[in-house]
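In case you want the letters, here they are:
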Amino acid sequence: MRLQMVGVNAKNINGLIFFIDGCIINVLFLQMATKWNRVVVKWDSVDRIFLTESYRIESKWTLKRRLWTATALLLGLACCK
């Protein structure tokens, strides 16, 4: 009854949208979890292809350095905000 009197607006629909969003995320996570074995097998085959000699590139930008740079950049931008 109160919803009919007040009407639908952003304040009173917020909880419902949050609940529905949580339910959808849980359903999608469960679907992914049940199919995880197939994903890992495919990922492993792709990973083995990229670990071959033809895909190796020597660079001063190692993965560790790239991750630290991206982390520092994001933290720096967050502090500036």
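Residues numbered from 1 in each chain as written. Predicted model: local features only at pLDDT ≥ 70, side-chain atom pairs only at ≥ 80, totals over all residues. Heavy atoms only, no water.

As recorded in an unreviewed UniProt entry, the protein chain goes by the name Secreted protein, listed as coming from Aedes albopictus.

**Observations concerning the overall build of the protein chain**
We count it as follows: Here a helix means four or more residues in a row that DSSP labels H or I, a strand means two or more in a row labelled E, and each is numbered from the N terminus. Residue burial is assigned from relative accessible area. The probe radius is 1.4 Å, only protein chains are included, and a residue is buried under 20% of its type maximum, exposed over 50%, and partly exposed in between. A 1.4 Å probe and the Shrake-Rupley method give the accessible areas. Residues count as covered only by the protein chains that appear here. Within this scheme the basic residues Lys and Arg register as positive and the acidic residues Asp and Glu register as negative, but His and the chain ends are omitted. To locate a charge, take NZ of a lysine, CZ of an arginine, CG of an aspartate or CD of a glutamate.
Check the secondary structure of the protein chain and you find 4 helices and 0 strands. What you see in the protein chain, going N to C, is helices and strands ordered as α-α-α-α. Reported as C-alpha extents along the three principal axes, the dimensions of the protein chain are approximately 70 × 40 × 15 Å. Taking all 81 residues of the protein chain together, 0% fall into the buried category. Roughly 8,300 Å² of accessible area belongs to the protein chain as shown, and the carbon and sulfur atoms make up 69% of that amount. Treating the 12 positive side-chain charges of the protein chain as one cloud and the 5 negative ones as another, the clouds have centres 12 Å apart.

**Things to note about the pattern of salt bridges**
The test is simple: The rule for a salt bridge is simple: a side-chain nitrogen of Lys or Arg has to be within 4 Å of a carboxyl oxygen of Asp or Glu.
According to the stated counting rule, one finds 1 salt bridge in the structure shown. The closest approach of N and O atoms between Asp-44 and Arg-48, which form a salt bridge, is 3.0 Å. With Asp-44 and Arg-48 both in helix H3 (residues 36–50) and 4 residues apart, the pair spans about one turn of that helix. Classification of Asp-44 as partly exposed rests on a relative accessible area of 34%. Here Arg-48 falls in the exposed class, since its relative accessible area comes to 57%.

**Let's talk about a nonpolar patch on the surface**
Going by this rule: Excluding any residue in a salt bridge, patches collect residues exceeding 30% relative accessible area, merging like charges within 9 Å and nonpolar Val, Leu, Ile, Met, Phe, Trp and Tyr side chains within 5 Å.
Residues Phe-29, Leu-30, Met-32, Trp-36, Val-39 and Val-40 make up a contiguous nonpolar surface patch of roughly 570 Å² in combined accessible area. For the nonpolar patch, the secondary-structure elements that each account for two or more residues are helix H2 (10–34) and H3. For Phe-29, a relative accessible area of 48% translates into the label partly exposed.

**Focus: the environment of Asn-26**
With respect to the helices, strands and loops of the structure, Asn-26 is situated in helix H2. Sequence-wise, Asn-26 and Val-39 are 13 residues apart; in three dimensions their C-alpha atoms are separated by 18 Å.

**A word on the state of the cysteines**
For clarity, the cut-off: Count a disulfide wherever a pair of cysteine sulfur atoms falls within 2.5 Å.
Tallying each qualifying case throughout the model produces 0 disulfides. The thiol of Cys-80 is not disulfide-bonded; the next cysteine sulfur, from Cys-79, is found 7.0 Å away.

**Some details on the environment of Ala-33**
Note that Ala-33 resides in helix H2. Between the alpha carbons of Ala-33 and Leu-75 there is a distance of 31 Å; along the sequence they are 42 residues apart.

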